[in-house]
Amino acid sequence: MKRIIPLFVATLTSFFVLAGLIWPVSLGGYLNIVLDWAIIVGAMALLVAIAHLFLAQWRKIARGNRSSFYSLVFVIVFLLSLGGGLVMGVDDPEYRLWISSIQKPLEVSLLGLAAVVMAGAGVQFYRTRGWSPLTVAFGVSALVFLVIGLGFLQVLNSPPVNAIIKTLQMLPLIGARGLLIGMSFGALIVALKALTGEGVGND
Amino acid sequence: MIALSFNDIIAVAIAILTILALFVSWLVSRSKVRSEMRAIEAVSAVEAFQHEAAEKGKRLLFGLGDGLTPQAASVNALAGLGIWRETSARAVFNDQPAQAITGEGSLALLSQMVLRGVYQDAVAVELFKTEQAQLGGLSAAAGAAGLLPEVNQPSNAAVILIGNHSPIASLAANLAGRKNLPLAAINDTLTAQSAFLISAPLSTQGEDYYAAQTAFKLQSKAGLQLRALDILRALTVLALLIGAVLKLTGVIP
Amino acid sequence: MTEELRDCPHCGNKNLPTASRCVHCGLELEEFFSFEGQNDSGEVPLVPPDEEEGLPELLRDLQQPDLGGIFGEPKEGDTRPIGEEEQKIVSPAVPEWLSRVRERAKVEYPSDAPIRKTGASETGKTDRDRVSQEFDAWIARLQESARREAMLKAKAVRSSSLNEEGVPDWLQRVRELQPKPEERPTEEVPLKADEADEEPKGWDSGWSEEDLEKLRRGEYQEPDEPASDHSEIEETADSDESDLAEVEEPLVEHQIAELDEESAAGDRIEPDISVKPEETAEVVESEPAESECEAVSEKKETEDLQPDLLLLKSQYERANLLKQLINQEGKASFTPRINPPARGGAAQIILALLMLIGVIGAVLIGDAVWPRPAVPALAAAAFKQSLENLKPGDKVLVVLDYQPAASADIEPGVTAVFRTLQEKKVEITLRTTQPTGLWLADSLRSGSSLETLPEPRLIPGGLLGMLKWAHYSPTNPVIRTATSDSGETMLSLHDFTRVLVVTDASLSIASWMEQVSHWLPPNSLLMITPSQEAVTLSVYYDSGQLGGYLAGMSDFASFDKLSALNAQVSYRAYQVGLLIMIMLLLLGFVVKADDDANRKQKLEAK
């Protein structure tokens, strides 16, 4: 019985949202209310998850784990950010400058690090995966498109070369489109399962 | 009722076709016809990792991604929850239970909810700890950054990244490689699949993401879903071929 | 057969050697309880165990006394649970099989009432806990012995965790576990037509009704084997050596009874069981519980015997896990690492330094101008044309939906577009779906001299908020009363001439296209993304759902305003990065080819 109620609510909500999308004039207003509820629930879930994360790090500090120093850093920064936001307000340009000055370089450097890591992985790629049609095709196509990306061929300004480059640049779009079609079918099926309440870990 | 554009009509037709394909797949499953599934390395590795974690007395680490963000709601994250549930059920009485890190609040709570259900089914609710399913961070980069320290733990037997990850999560793959940790990456977006193709030793491509639910061979409904996918793919190929012929012959302007 | 039967110490009748209870008087035959090949030393065997070893105890423990259901007609030699108070009285005039049938009927249907599910009693719960504990203890013993064996093996394992080819050990083992094409397992669970409405089963029987019936009667014949008398039960040595997972025969089909622990009095579940001939099962006695629950009986099975086994779903899963563990034994398995050497981090550091030096050098030395493409991409041209068609006073909604990580990638294009919009003197409304957009807009404003950009406002709920906005209509009375926007008139999305979304994630693009785009006027939605999302966007552009997009610097370069911003993005550094990537890929080719050649030489030398 406990499991039926959430399932029933989820299914009913999903069908109502669908109905609201199909008949927006008559049901659109009520759909907005339901969306408001969803936004509130999502925001509360986020708050709960953040609080839980904070508590988990706090417990690590209390237990004195090996990584408790980093948990301490997390807790201090978290409290500073939270306190600053509450006191100064999110609209304060100084607060925003402070946050963006830390967050932006951190995230950009993470992405740069990922680029370096992937470049290094290129050396290990064949040793790890061996020779196979997929790996050989990947390697060859990557080389071709990297060379095209360099721009040296475009400088030649030769119409046949430009035509070949244009054709080659269409190939990944074609291949990716096939993958996207398959992915979208899969997402559709998963969504149908979710619509009937079979989604969340229930198979 | 809303006015449907041509694209909308096609979308509705595809949805109806999908339902029909599921029905046909269900009918086929009820017959005695047996079909074999293509073995996908990354998917079968999930089961092998689970065995190893049990034997070694270590834990299995899951990165569930951030597919349920308000910015980008996608039901694909739910496929990862199915695997999380199956693995957790097998790890209830292990030396160390499975651990999940998510990049989004709703997904973190859902994974906790699923885990609690697993422990309830095993009549071992006292063993449930909320720390087993945690939030790693609030953005894609923060979630990946929150995953890295967990990958670095010595108590990991293997790492499974399943769900929607950003290419930054390839850092986790690199770290796992340097620690000689087995890692399987099962992702649903093209950019993540491309990143993990090169950085992770085991990864899935394309719609193999949906085959992850067959990892433990107990979920016949996942096979039903995959068969429906195959039917839809066959229909798509047929439609493309017919469209190409019609275009070449000038029927379609 | 006669010589294999044993006498009951109580009534003196003959019983199967594997029976735990006498089929005639129902009393226990514990002293006669034995299995061929059972390891009496108590140690868990490291080789794939016989099906009898360890299973009888497990299967007995898995028996649920509060659940009944005995299926099929009892075969000769079958034992069934008979309560202490129910002593079987054998009439010499009644055939033995008939008396067993009657006894079983009494047990199953004490008052000729329909079968009812029995719920889990406290006793059952305790038994389940005990069963779980014993099972876990047994699994732990198995694991310990396997670990001991692995430790012994690991001493001979080479210290490097990589093999000669550079493939990690664990990856090689995973590949070895992959089934060969001829060994691929089937995934089907063929269901019978009469089971259409029943609970889904996890076992594949593959038995037809006819065959099942014959099997129950003992008249089933293997296609190439001589008919066996149903009264003779053959125990072959092969059954001792068969591995559950390796047998290609149809598996036992069980109907898994799921107990609802919260229901006080459940119904007895009547599973439908078919049999796998090679599988052995143990006759398990059960004592009837104090409640109305009935005992489940199991019997040790030779290849022709039929098990009566009712499993809970959790027990079924545990049994399957056990089966998988048994299956893994003798096959390639993971060996533990002993002092694994740290993988060389020096190579990665050198590589990273190389890239940094190259890129930084290119930024400092090289030319920064990003070349304009001779022929811009169609989508980029459409984007530009769409902006060209704007008139002064038109309303443009710009939604920032990207993470700070992608800011370096996207902001040059965003800045160029903002400059164009400002020159067009359109009315820009700036929104963001994530809190980070607030300070990203600030950095856009300050870093690119776009001081006249409006203040960004957060849309609560992200995409859900956008979806809500898409449905917003000021004339709708429900919406008017339910929503308010601090007094100011809220614009509907339809009031905007263009909606420009700046995003960096595939999922976000898909969500925008699927949830919001078709509520907007046609071709009014434009996007700015990093270059890797061009593939995803092209699909939507070609289908007419997107008015145009800019993906990456090569598209941004088609804007005139980009030239002033080139200092932020160095084309030379980009080229150096690409060159390094090309070199590394080629290096990967060469290293792998070299490894293969060396291995080949070594093999030839051997």
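Residues numbered from 1 in each chain as written. Chains lettered and ligands numbered in written order. Predicted model: local features only at pLDDT ≥ 70, side-chain atom pairs only at ≥ 80, totals over all residues.

Visitor: Kindly report on the overall build of chain A, identifying the contributing residues and their values.
Guide: The helix and strand tally for chain A stands at seven helices and zero strands. Its helices and strands taken in sequence order, chain A reads α-α-α-α-α-α-α from the N to the C terminus. Among the 203 residues that make up chain A, the fraction classed as buried is 25%. Intrachain contacts of chain A at a sequence separation of at least 6 include 18% that bridge at least 24 residues. (Helix = DSSP H or I, 4+ residues; strand = E, 2+ residues; numbered from the N terminus. Buried ≥ 20, exposed ≤ 12 C-beta atoms within 10 Å, placed from the backbone. Contact = placed C-beta atoms within 7 Å.)

Visitor: Could you give an account of the overall build of chain B, naming the residues involved and the relevant values?
Guide: Scanning chain B from N- to C-terminus turns up eight helices and six strands. Written out in order from the N terminus, the α and β elements of chain B read α-α-β-α-β-α-β-α-β-α-β-α-β-α.

Visitor: Account for the interface of chain A and chain C, with residues named and values stated.
Guide: Chain A puts 47 residues into the contact, and the matching count from chain C is 51 residues. Contributing elements (two or more residues each) for the side of chain A that touches chain C: α2 (24–63), α4 (93–129), α5 (133–150) and α7 (159–195) of chain A. A class-by-class count of the residues in the side of chain A that touches chain C yields 28 nonpolar, 13 polar and six charged. (Nonpolar A, V, L, I, M, F, W, Y, C, P; charged D, E, K, R; others polar.)

Visitor: I'd like to hear about the interface of chain A and chain B, residue by residue, with values.
Guide: Counting from both sides, the interface comprises 45 residues of chain A and, opposite them, 54 residues of chain B. At the level of elements, α2, α4 and α7 of chain A are the ones that each hand at least two residues to the side of chain A that touches chain B. The element contributing the most residues to the side of chain A that touches chain B is α7(A), with 14 residues. When its residues are assigned to classes, the side of chain A that touches chain B shows 33 nonpolar, nine polar and three charged.

Visitor: Explain the confidence of the model for chain A to me, using residue names and the numbers behind them.
Guide: On average, chain A scores 85 in pLDDT, and the residues at 70 or more come to 96%. Model confidence for chain A, summarised as mean pLDDT per element, is weakest for helix α6 (residues 152–155) of chain A at 82 and strongest for helix α3 (residues 68–88) of chain A at 91. (pLDDT = per-residue confidence, 0-100.)

Visitor: Requested: an account of the sheet that holds strand β6 (residues 498–503) of chain C, with residues and values cited.
Guide: All names here are of chain C. Pairing in this open sheet of six strands is parallel, and the strands run β5-β4-β3-β6-β7-β8 from one edge to the other. The outermost strands of the open sheet, each flanked by one partner alone, are β5 (457–458) and β8 (548–551). Bridging between strand β3 (residues 395–401) and β6 involves six bridges; their strand directions are parallel. Opposite Val396, over in β6, you have Arg498 as the bridge partner. Those strands touched by helix α14 (residues 506–516) are β3, β6 and β7 (525–529), and its axis lies near 160 degrees from that of β6. Its contacts with the sheet place helix α15 (residues 534–542) against β7 and β8, and it is angled at close to 170 degrees to β8. (Pairing = 2+ DSSP bridges. Axes fitted to C-alpha atoms, helices over the stretch in contact; angles between N-to-C directions.)

Visitor: An account of the pairing of β7(C) is requested, with residue identities and associated values reported.
Guide: Residues and elements named next belong to chain C. Taking burial as the measure, the five residues of β7 include five buried ones, the bulk of the element. Of the two faces of β7, the one carrying Leu525, Met527 and Thr529 and the one carrying Leu526 and Ile528 are both buried. Pairing of β6 with β7, which is carried by four bridges, proceeds in the parallel orientation. Note that in β7 the partner of Val501 across the bridge is Met527. The parallel pair β6 and β7, bridged by α14, forms a crossover whose chirality is right-handed. Pairing analysis gives four bridges linking β7 to β8, with the strands arranged parallel. When the bridges of β8 are listed, Leu526 appears paired with Gly548. Each parallel crossover has a hand, and the one from β7 via α15 to β8 is right-handed. (Right-handed = clockwise from strand over helix to strand, strands pointing away.)

Visitor: Give a description of the sheet that holds strand β1 (residues 59–65) of chain B that names residues and reports values.
Guide: Residue and element names in this part refer to chain B. The sheet built from six strands is open, its strands ordered β3-β2-β1-β4-β5-β6 with parallel pairing. Of all strands in the sheet, those bounded by a partner on one side alone are β3 (133–135) and β6 (202–203). Here strand β5 (residues 183–187) runs beside β6; their pairing, made up of two bridges, is parallel. Across the sheet, residue Ala184 finds its bridge partner in β6, namely Leu202.

Visitor: Would you mind going over the packing of α3(A) against α4(A) in detail, with residue names and values included?
Guide: Two quantities define a packed helix pair, namely the angle between the axes and the distance from one axis to the other. Residue and element names in this part refer to chain A. Contact pair α3 / α4: the axes reach a minimum separation of 10 Å and the direction vectors enclose 160 degrees. The angle between α3 and α4 falls in the class roughly antiparallel. Seen along the crossing, α3 lies across α4 with a hand that is left-handed. Touching Ser81, Gly84, Gly85 and Met88 of α3 are Glu94, Tyr95 and Ile99, all from α4. Broken down by class, the residue content of the contact of α3 with α4 amounts to three nonpolar, three polar and one charged. (Parallel < 35°, antiparallel > 145°, perpendicular 65-115°, else oblique. Left-handed = near helix turned anticlockwise from the far one by under 90°.)

Visitor: Let's hear about α7(A): which residues, and what values?
Guide: Two residues of an α-helix separated by three or four positions point the same way, owing to the 3.6 residues in each turn. Across its 37 residues, α7(A) extends 53 Å between first and last C-alpha, which sits within 8% of the 54 Å expected from 1.5 Å per residue. Of all the residues in α7(A), the buried ones are Ala176(A), Leu180(A), Gly182(A), Met183(A), Phe185(A), Gly186(A), Ala187(A), Leu188(A), Ile189(A), Val190(A) and Lys193(A). (Expected span 1.5 Å × (residues − 1).)

Visitor: Lay out the environment of Ser407(C) with the relevant residues and their values.
Guide: With respect to the secondary-structure elements, Ser407(C) resides in helix α10 (residues 407–424). Between the alpha carbons of Ser407(C) and Pro530(C) there is a distance of 9.3 Å; along the sequence they are 123 residues apart. With residues up to four places along the chain from it excluded, the contact list for Ser407(C) reads Lys104(A), Val108(A) and Leu440(C).

Visitor: Can you tell me about the environment of Phe69(A), naming the residues and giving the values?
Guide: Residues and elements named next belong to chain A. Within the element layout of this structure, Phe69 appears in helix α3. Classification of Phe69 by C-beta neighbours within 10 Å gives exposed; the count is 11. In the structure, Phe69 is positioned 12 residues away from Gln57 in sequence and 10.0 Å away in space, judged by C-alpha atoms.

Visitor: Got a sec to walk through the packing of helix α6 (residues 170–178) of chain B against helix α7 (residues 190–199) of chain B? Specific residues and values, please.
Guide: Residues and elements named next belong to chain B. α7 packs onto α6 with a crossing angle of 15 degrees between their chain directions and a minimal axis gap of 9 Å. The pairing of α6 with α7 is recorded here as roughly parallel in orientation. Once α6 is placed against α7, the crossing between them reads as right-handed. Across the interface between the two elements, Ser170, Ala173 and Asn174 of α6 pack against Ala195, Phe196 and Ser199 of α7. Grouping the constituent residues of the contact of α6 with α7 by class yields three nonpolar, three polar and no charged.

Visitor: How would you sum up unusual backbone geometry? Please name residues and give values.
Guide: Non-glycine residue Val123(B) carries a positive phi angle of around 55 degrees. Here Val123(B) shows up in the loop between α4 (105–121) and β3. The exposure class of Val123(B) is partly exposed, given the 16 C-beta atoms found within 10 Å. Despite not being glycine, Asn523(C) shows a phi value in the positive range, around 60 degrees. Residue placement: Asn523(C) occurs in the loop between α14 and β7. Looking at Asn523(C), the number of C-beta atoms within 10 Å reads 15, which means it is partly exposed.

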